[in-house]
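What follows is the residue order along each chain.
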Amino acid sequence: MALLVSVNVGRPRPNPWKDTGTTGIDKRSVDGPVAVTAPGPKGTGAVGLAGDRVYDVKHHGGADQAVYAYAREDLDRWAAELGRDLPDGVFGENLTTSGLDVNGALIGERWRVGEQVLLEVSCPRIPCGTFQGWMEERGWIKRFTRATLPGAYLRVIEPGEIQTGDPITVEDRPAHDVTVALAFRALTAEPDLLPRLLVAEALPEEDLRRIHRRVG
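Scoring rules and cut-offs
- Residues numbered from 1 in each chain as written.
- Predicted model: local features only at pLDDT ≥ 70, side-chain atom pairs only at ≥ 80, totals over all residues.
- Heavy atoms only, no water.
- Helix = DSSP H or I, 4+ residues; strand = E, 2+ residues; numbered from the N terminus.
- Contact = heavy atoms within 4.5 Å.
- Buried < 20%, exposed > 50% of the residue type's maximum accessible area, 1.4 Å probe, protein only.
- Phe/Tyr/Trp six-rings, centres within 6.5 Å; stacked < 30°, edge-to-face > 60°.

## Description of the environment of A66
Logical step 1: Relative to the helices and strands, A66 resides in the loop between β5 (34–36) and β6 (67–71).
Logical step 2: Taking the C-alpha atoms as reference, A66 lies 21 Å from N15; in sequence the two are 51 residues apart.
Logical step 3: When residues no more than four places from it in sequence are discounted, the contact partners of A66 are P39, V47, G48, L49, N94, L154 and V156.

Shown next as structure tokens:
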């Protein structure tokens, strides 16, 4: 059974790696139910979990990046490779999952988390300078990109409350083969794959527009 191992909310901290001044990448596990709502369009700093927000409002947050999920199994793989402990939330994820192939999820796939919340996979996470600085690993962006384990951003389709231990059920899978990992490869190091993404209509509109411009 797929489970929600941890629900993580950001603590504001100085960001020496960008000119935004502050970052919310420092996510910590929280006890008790957390409200999840659709945050509206990008540009306000709003995200899906109550008590959380982003500060680089140009590149993060909004409806298509309301919630970020990362698998505990993939964190464990990184922990072994890096030789250090990686607690839940350390990648800036809101949801740390277990028993769910996050990177193998299809764009547009829908997850029921607990009894109330329904989320939709929208796009992969693209690593940025804040993530590299936060991890304190030389060449982290290139390393993270090569591994093709980006984790998934999700939209909020049905709001509600979630908490640690909630089951996660895949309720719907679209009829295409565009996974989070494939979309990540196409959007980063393998642009020849971009035409394959056009069938994934649940990708963010800005991504689809950019893909159409590049592939004609």
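That was the structure; now back to the text.
## Examining unusual backbone geometry
Logical step 1: Phi at E136 is positive, roughly 55 degrees, even though this residue is not glycine.
Logical step 2: Turning to its location among the elements, E136 is positioned in the loop between α2 (129–135) and α3 (140–147).
Logical step 3: When its relative accessible area of 70% is taken as the criterion, E136 is described as exposed.
Logical step 4: In this structure, T148 takes a positive phi of about 55 degrees despite not being glycine.
Logical step 5: Structurally, T148 can be placed in the loop between α3 and β10 (152–158).

## Examining the packing of aromatic side chains
Logical step 1: Considering all chains together, one arrives at 12 aromatic pairs under this definition.
Logical step 2: Relative to F131, the ring of F91 has its centre 5.2 Å away and its plane inclined at 75 degrees; by these criteria the two rings are edge-to-face. Here the residue F91 occupies a position in the loop between α1 (72–82) and β7 (95–98), and F131 occupies one in helix α2, the gap between them amounting to 40 residues.
Logical step 3: You can call F91 buried: its relative accessible area is 0%.
Logical step 4: Judged by relative accessible area, which is 0%, F131 ranks as buried.

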